[in-house]
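Take a look at the letters that make up each chain.
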Amino acid sequence: MKVVVSAMGSELEAAVSPVFGRCPYYVFVDTDNMQFEAVSNPAISAPGGAGIQAAQFVVERGVQAVLTGNVGPNAFNVLQAAGVPAYTVTGGAVREAVEAYKAGKLPGMAGPNSSGLR
Amino acid sequence: MIIAVASGKGGTGKTTVAVSLALSLAADAQETADLLFLDCDVEEPNAHLLLKPAIRRRQEVAIPMPVVDEARCTHCGHCAKVCQYHALVVLPSKVLIFAELCHGCGGCTLECPEKAIGEMPHVIGVIEEGAVGPIHFAHGILNVGEPMPGPLIRQLKRRIPSRGAYPERSEWGSAGLTIIDAPPGTACPVVETVRGADFCLLVTEPTPFGLHDLRLAVEVCRQLAVPAGVVVNRDGIGDRGVDDFCATEGLPILLRIPLDRRIAEAYAEGVPLVTVRQKYRQRFTDLYRRILALRRAQTPPE
């Protein structure tokens, strides 16, 4: 299955970004074979609505889970409406986050855990 | 003629200057042909406290919010691409609308290929209109919690008589004068207010704080191609920074108002400057004449 991790860089060893909407990169990872694709965040400098754009962006790419630090209320609404669950990562690299997710060790997010940055 | 009174920094005396200019010109019968005062500081309008107009009309201002008919919507996603503010998100079986990001432009409704988007008015504030003596007055009041002052300011500015209505304008005569009290700052509401003005009076104080924000306000005027001049309020305090900046930038200092305890006391009581210091009426009338002269000098003959 395909998941996305908010990241500071464009490879599996990059640190996980604690922010979802304005992270530098999204790393899309196939959990079956750890193949990945990194895409720079098109919404990183959006004046407003970055979380919404980011959520739409990852949903359109067919991810089945979002692994990140903090998700604002707007982005959370989009993910929830699209039926894509978010999981909380507190640190480490993209590869570690995906391994933890596969091992069922990441806590699911029940609601937005950030007020959204503007 | 549209004169905007702006500042960058808050509390420099925009409203004092705007109100004094209006009252001084209103007292001069020749200048009163059509004098409109607009308080565009819709987040905290306060010129009425000094002008004390009789309010005769209240009108709610609404922006159109999209409402999606899910029965007709094919979830093609076109509306989300049209929206510059990302107020709509289209998912495979649902459209999400983020009201706080919607600017009410109506683009999504116009562009929907299925005609599946209707509009519901969303009230963002009110406009109150009235008069004080020969001065027509209007101000906008943005509802608390509304993030978008722009549409309210645009509605307010529709009170300005159209340029075609005053053929004398080509002579830069006095008929059809609008004085606009702008919000502080340099962002969207200020741009919306100053855009389209014939002249911008920048009120500042001769301190590092006044200078810092004056620089930003001057940049706003330049980007909007609105000629500007400076009023130095509380003159005599602070340093020479503002004077030096104006000299370097070729910005005319059109009026200086010294720090005067009586003016401050009057302000604290809600009494206009020109009421307690009558000699300023002539100074504000002269200020207006200098603006007219500057405009004439900058307008190439046809």
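Going by the structure above, here's the rest.
1. Examining the overall build of chain B
- Assigned secondary structure in chain B consists of eleven helices and eleven strands.
- Its C-alpha atoms give chain B principal-axis dimensions of roughly 70 × 45 × 40 Å.
- Here chain B holds 302 residues, and the buried ones make up 53% of them.

2. Considerations on helix H1 (residues 14-27) of chain B
- Compared with the 20 Å implied by 1.5 Å per residue over 14 residues, the 20 Å span of H1(B) between its first and last C-alpha is a close match.
- Within H1(B), 13 of the 14 residues are buried, which leaves the element mostly enclosed by the surrounding structure.

3. Focus: the pattern of salt bridges
Residue and element names in this part refer to chain B.
- Enumeration according to the criterion identifies 16 salt bridges over all chains in this entry.
- Across the pair Glu129 and Arg57 runs a salt bridge whose closest N-O atoms are separated by 2.8 Å. One end of the pair, Glu129, is in strand S6 (residues 117-132); the other, Arg57, is in strand S3 (residues 54-68), and 72 residues separate them in sequence.
- On the accessibility criterion, Arg57 (45% relative accessible area) is partly exposed.
- Between Asp244 and Arg240 there is a salt bridge, with the nearest N and O atoms lying 3.3 Å from each other.
- Classification of Asp244 by relative accessible area gives partly exposed; the value is 39%.
- Taking the relative accessible area as the measure of exposure, Arg240 reaches 53% and is therefore exposed.
- Put simply, Lys9, Glu205 and Arg234 are held in one network by salt bridges that share partners.

4. A look at the interface of chain B and chain A
- Taken together, the contact between chain B and chain A spans eleven residues of the former and twelve residues of the latter.
- Taken over both partners, the interface formed by chain B and chain A buries close to 890 Å², and the fraction arising from carbon and sulfur atoms is 69%.
- The largest per-residue losses of area from chain B upon contact with chain A belong to His86(B), Leu91(B) and Phe98(B), which jointly make up 47% of the total buried on that side.
- The interface formed by chain B and chain A holds zero salt bridges in total.

5. Regarding the sheet that holds strand S11 (residues 253-258) of chain B
Residues and elements named next belong to chain B.
- Read from one edge of the open sheet, nine strands run S3-S6-S7-S2-S8-S1-S9-S10-S11, paired in mixed fashion. Every other strand in the sheet has two partners, leaving S3 and S11 as the edge strands with one partner each. On average, each strand axis in the sheet is inclined to that of its neighbour by 20 degrees, with strand direction left out of account.
- Relative to strand S10 (residues 228-235), strand S9 (residues 199-204) runs parallel, the two being bridged by five bridges. Following the sheet pairing, Val203 is matched in S10 by Val231.
- H1 contacts strand S1 (2-6), strand S2 (35-39), strand S7 (135-142), strand S8 (177-181), S9, S10 and S11 of the sheet and is inclined by roughly 160 degrees relative to S8.
- The strands touched by helix H8 (residues 241-249) within the sheet are S9, S10 and S11, with S11 carrying the most contacts at an inclination of about 170 degrees.

The rules we used
- Positions within a chain are numbered from 1, following the residues in the order the chain's sequence is written.
- Numbering of ligands from 1 and lettering of chains from A proceed in the order in which they are written.
- Totals for whole chains, interfaces and linings use every residue, but because this is a predicted model, local features are given only for residues with pLDDT of at least 70 and side-chain atom pairs only at 80 or more, for both listing and counting.
- Side-chain measures here rest on the full set of heavy atoms in the structure, leaving out hydrogens and waters.
- A run of H or I in DSSP becomes a helix once it reaches four residues, and a run of E becomes a strand once it reaches two; helices and strands are each numbered from the N terminus.
- Only protein chains enter the accessibility calculation, which uses a 1.4 Å probe. A residue is then buried if its area is under 20% of the maximum for its type, exposed if over 50%, and partly exposed in between.
- Helix span is expected to be 1.5 Å times the residue number reduced by one.
- One speaks of a salt bridge when a side-chain nitrogen belonging to Lys or Arg is within 4 Å of a carboxyl oxygen belonging to Asp or Glu.
- By the convention used here, residues are in contact when the closest approach between their heavy atoms is within 4.5 Å.
- Accessible-area loss on putting two parts together, using a 1.4 Å probe and summing over both, is the definition of buried area adopted here.
- When DSSP locates at least two bridges between a pair of strands, those strands are taken to pair.
- Axis geometry follows a simple rule: fit a line to the C-alpha atoms, using only the stretch in contact for helices, then measure angles between N-to-C directions, giving values from 0 to 180 degrees.

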